[in-house]
Each structure stands twice: as structure tokens, then as C-alpha cells.
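Report on the structure
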Amino acid sequence: MDIDLTPKSSKSVYGGDGGSYFSWSPSDLPMLKEGNIGASKIALKKNGLALPSYSDSAKVAYVLQGSGTAGIILYEAEKEKVIAVKEGDAIALPFGVVTWWFNKDDTELVVLFMGDTSKGHKAGEFTEFALTGANGIFTGFTTEFVGRAWDLEEDKVKELVGSQKSTGIIQVKDGFKMPEPSEEDRKGMALNCLEAPLDVDIKNGGRVVVLNTKNLPLVEQVGLGADLVRIDAGSMCSPGFSCDSAYQVTYIVRGSGRAQIVGVDGKRKLEIRVQAGNLFIVPRFFVVSKIADEEGMDWFSIITAPNPIFCHLAGRTSVWKALNSQVLQASFNVSPEAEQHFRSKRTNAEIFFPAPN
């Protein structure tokens, strides 16, 4: 595979007083098209409202910063679910789900979206369908059709369809009352990765929270797995690969570090420093490893399988510990002593390796 794997930052697509919409383009990050993966962000200022819309792609949303409110309307639901969202929240959004997002606070609300575009209009890009605004769906219908559908007079149709001149994101007036979130609505809809039980916790190494069909049931409908990984200063994430033919899409949330990706025939395809805001994609079966800088590094990833399986190539649970010693000796073409020395290392450590003393 001869394709550019260099991490990229998002670019602004549109914005205004209420906030901005950012996206990654396949022209800048070719692996998006190769893997049929989309990625975007919204950043809402105080009183910013991302207008109701739906997408042609299933997604996982992750709140990078701030807090706010989200409205989610699932298939054929008679009532929307209105939930509070805050930093660390992950939300699974199946195809065609209608959502809106609102920020009432001074701190910007920033939400990351990553998902599968294999059934979308464009490979590697989300296509959003606005319900209202200057580009809303009903601006394309005649007043006759809208009037028949909504049982409204022509003048009322023109008022409803034509009054909102903005697109995508608006800013509501101070004091405008938005719906209040419900704790009941939140159940099963969101998982806070900063507060959830840890799936992996290694002292001075790192921590992992994995999203799957057990802790976030809608993941099954989305068809994606996801995780939040936080590694400490100088810590290393074991070289490994997805063994169920899945792509890994990684967004650096905090900190910085170094990453290497190795592909077919042992060719190093990427060796680069990554930092907060970067997005990169690991091709299927390619091996990736990361080492954090002095401030540590956090990343949020989606994997294009709902319950992903990884194979690690270092540590107690690696394939090396499972292989027969004679097979290792012959495969490496080394002496029994060298094989035993190799096998004696990393007998307790797994996945994350703390910085050397």
C-alpha cells in the first residue's frame, strides 16, 4: 500500500457567531477514502446551536471540551432524548438519527465525530442533511408540497421555511430557553470515558476505557468500536494490530508523542511526532506503536468493528509468550540462550510500558 499516512488537523468548513464546523478531507488525508471513514468537529460558542440535522453515516461522537446539551431522535421515536453532555462523553449515533447540539456556557463546546462512510454519498466524507436553515431540506420543496405535508396555509409555510437565513450553526439570544436535559434520557445513550470503569490500568503506564456493545448498546447499531487511551509521560503503547480486519482511526486529544506504523514486508510507513488535534488512520493489519512525550498523551480511536480484537507484539499477553521456544529459536535464528533472554523480558508488563528509569 503506497498511500500517505501523515497525521492531519481539521480545516474549517463554515462558521459564524454561534460557532464553526470543521472537517478532514480525503484530499488531505487519503486514508479516509481508502477506509471509507469520515471525521469532523463542531465548536460551539456561548449560546451556539447546531441546528437539527441527520447524516448519511453512522458515527461515534466524543466531547473533547466543555459541556452542553444534545437532542437525539432515534428511529420512529415520538419524543427526542435530551441529554447533558460534557468532556469525556462518548455517544453512538446510528444512521439517520436526528441530532442538535447546544452550548449555554462561556467555555467552547467541542465535539468530535468519526464514523463509517461506506454507505454514504461520498467515500471518506460525511454528508449532513439540515432540517432547517437556508439549506434545509424543505427549502427544496414547493410550498404546495410542504403545505400538504404539514397541513398549513401557504403564508405559514413561507414563514416557517424562509425565516431562518443562517445555515448549520446559529447563536440564540441571551435568555432564550432551551430544553432541559433529562437523566432518564441519558441512560444507555452516553458513556463518560473519564469516569467509566477502566478496562486496563497500568501504574505509570496507561489506562484504557473501551466502548462496546455492553457499556454502550447503540455501538452495535453503529457497527464501530471505540476507546479512550491515556498514557503517562514517556510511556510506550505496545506494538500491535487489529486482527479482525478493522481500521484504527486515532485522534490525539491531549499531549504529544511519537508514532511508528509498519506495514507489508516490514516497511516502516510512518515515523512522526503527533500532537493534540492530529488525526491519523492505521491500515488493516498494519502494526502501530506510540511513545508519549513528557506531558503524556491521550487519544480517542474508533475501530471499524463493534467489538474489536487486538493482537499485541510485546508484553505478557503477546504472541511471543505463546509461541514454543524451539519455534522462536529457529524463527529468529538465534541461540537457546538468546531466546531464553528474550522470553525472560516483559513477563509481567502488558500493553503499556512505563518510561525507563
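Just above, that's the structure.
Attention here is on the structure that accompanies the text. (Residues numbered from 1 in each chain as written. Predicted model: local features only at pLDDT ≥ 70, side-chain atom pairs only at ≥ 80, totals over all residues. Heavy atoms only, no water.)

**With respect to the overall build of the protein**
Across its full length, the protein holds 8 helices and 23 strands. Principal-axis analysis of the C-alpha atoms gives the protein an extent of 90 × 35 × 35 Å. Here the protein holds 357 residues, and 47% of them are scored as buried. Within the protein, counting contacts between residues at least 6 apart in sequence, those at least 24 apart form 73% of the total. (Helix = DSSP H or I, 4+ residues; strand = E, 2+ residues; numbered from the N terminus. Buried < 20%, exposed > 50% of the residue type's maximum accessible area, 1.4 Å probe, protein only. Contact = heavy atoms within 4.5 Å.)

**Here we look at the pairing of strand 15 (residues 206-211)**
Here strand 15 lies mainly inside the structure; 5 of its 6 residues are buried. Relative to strand 15, strand 14 (residues 200-202) runs antiparallel, the two sharing 3 bridges. Bridge pairing in strand 15 places Ile202 opposite Gly206. Remark: 3 residues form the turn of the hairpin made by strand 14 and strand 15, two consecutive strands paired antiparallel; Asn204 in that turn has positive phi of roughly 60 degrees. Note: strand 15 against strand 16 (residues 225-231), 6 bridges, orientation antiparallel. If you follow Val208 over to strand 16, its bridge partner there is Val229. (Pairing = 2+ DSSP bridges.)

**Points about helix 7 (residues 325-332)**
The backbone nitrogen of Gln326 has a side-chain oxygen 2.8 Å away, supplied by the residue at the start of helix 7, namely Asn324. Immediately beyond the C-terminal end of helix 7, within one or two residues, lies Asn333, with a positive phi of roughly 60 degrees. (Polar contact = N/O pair within 3.5 Å; in protein donor to acceptor, adjacent residues only side chain to side chain.)

**Observations concerning the nonpolar core**
It is characteristic of soluble globular proteins that their nonpolar side chains tend to be buried jointly. Formed by 78 residues in total, the largest nonpolar core has its most connected members in Ile91, Trp101, Met114, Leu279, Phe300 and Phe352. Each residue touching Leu279, except ones within four places of it in the same chain, is listed here: Pro7, Lys8, Trp24, Leu29, Leu32, Ala39, Met114, Val249, Thr250 and Tyr251. Counting 8 residues, the second largest nonpolar core, distinct from the first, contains Trp100, Phe102, Ile170 and Val172. (Core = buried A, V, L, I, M, F, W, Y, C linked by side-chain atoms within 4.5 Å.)

**Notes on the pattern of salt bridges**
In the structure shown here, the tally under the stated rule is 15 salt bridges. The residue Glu154 makes a salt bridge to Lys158 at a minimum N-O spacing of 3.2 Å. With Glu154 and Lys158 both in helix 3 (residues 154-162) and 4 residues apart, this pair spans about one turn of that helix. Judged by relative accessible area, which is 47%, Glu154 ranks as partly exposed. Note on Lys158: relative accessible area 48%, which makes it partly exposed. For Glu180, the salt bridge identified is with Lys177, shortest N-O distance 3.9 Å. (Salt bridge = Lys/Arg side-chain N within 4 Å of Asp/Glu carboxyl O.)

**A word on the side chain of Arg230**
Along the chain, Arg230 falls in strand 16. Buried charged residue Arg230 carries no salt bridge. Nearest counter-charge: Asp298, at 5.2 Å. Once residues lying within four places of it in the same chain are set aside, the contact partners of Arg230 are Cys193, Leu194, Leu198, Gly205, Gly206, Arg207, Met297 and Asp298. (Lys, Arg positive; Asp, Glu negative; His and termini not counted.)

**Some words on the packing of aromatic side chains**
Scanning all chains against the criterion turns up 11 aromatic pairs. Between Phe138 and Trp150, the aromatic rings sit 4.6 Å apart at their centres with planes inclined by 50 degrees, giving tilted as the arrangement. You can see Phe138 sitting in the loop between strand 11 (128-130) and helix 2 (143-150) and its partner Trp150 sitting in helix 2, a full 12 residues away along the chain. Judged by its relative accessible area of 36%, Trp150 is partly exposed. Grouping aromatic residues by their ring pairs yields a cluster made of Phe138, Phe141, Phe145 and Trp150. Over the aromatic face of Phe126 sits the side chain of Lys59, whose NZ or CZ is 4.5 Å from the ring centroid. (Phe/Tyr/Trp six-rings, centres within 6.5 Å; stacked < 30°, edge-to-face > 60°. Lys NZ or Arg CZ within 6 Å of the ring centre and 35° of its normal.)

**A short note on the sheet that holds strand 3 (residues 37-44)**
Here 7 strands make up an open sheet; going across it, the order is 1-2-3-10-5-8-13 and the pairing antiparallel. Since the sheet does not close on itself, it has two edges, and those belong to strand 1 (11-16) and strand 13 (190-192), each with one partner. On average, each strand axis in the sheet is inclined to that of its neighbour by 20 degrees, with strand direction left out of account. Where strand 5 (residues 58-65) lies against strand 8 (residues 89-93), 4 bridges are found, and the strand directions are antiparallel. From the neighbouring strand, Ala61 faces strand 8, where its bridge partner is Ile91. (Axes fitted to C-alpha atoms, helices over the stretch in contact; angles between N-to-C directions.)

**Digging into a nonpolar patch on the surface**
A surface patch of nonpolar side chains, amounting to about 270 Å² of accessible area, comprises Trp150, Leu152 and Leu160. Topologically, Leu152 is positioned in the loop between helix 2 and helix 3. (Patch = residues over 30% accessible without salt bridge, like charges linked within 9 Å, V, L, I, M, F, W, Y side chains within 5 Å. Areas by Shrake-Rupley, 256 points an atom, 1.4 Å probe, with all protein chains shown as cover.)

**Quick notes on the packing of helix 2 against helix 3**
Relative to each other, helix 2 and helix 3 sit at 100 degrees, their axes nearing to 9 Å. Looking at the two axes, helix 2 sits roughly perpendicular to helix 3. Touching Thr143, Val146, Gly147 and Trp150 of helix 2 are Glu154, Val157, Lys158, Leu160 and Val161, all from helix 3. Residues that form the contact of helix 2 with helix 3 fall into these classes: 5 nonpolar, 2 polar and 2 charged. (Parallel < 35°, antiparallel > 145°, perpendicular 65-115°, else oblique. Nonpolar A, V, L, I, M, F, W, Y, C, P; charged D, E, K, R; others polar.)

**Concerning the environment of Glu183**
Residue placement: Glu183 occurs in helix 4 (residues 183-186). In this structure the C-alpha to C-alpha distance between Glu183 and Val172, which are 11 residues apart in sequence, comes to 24 Å.

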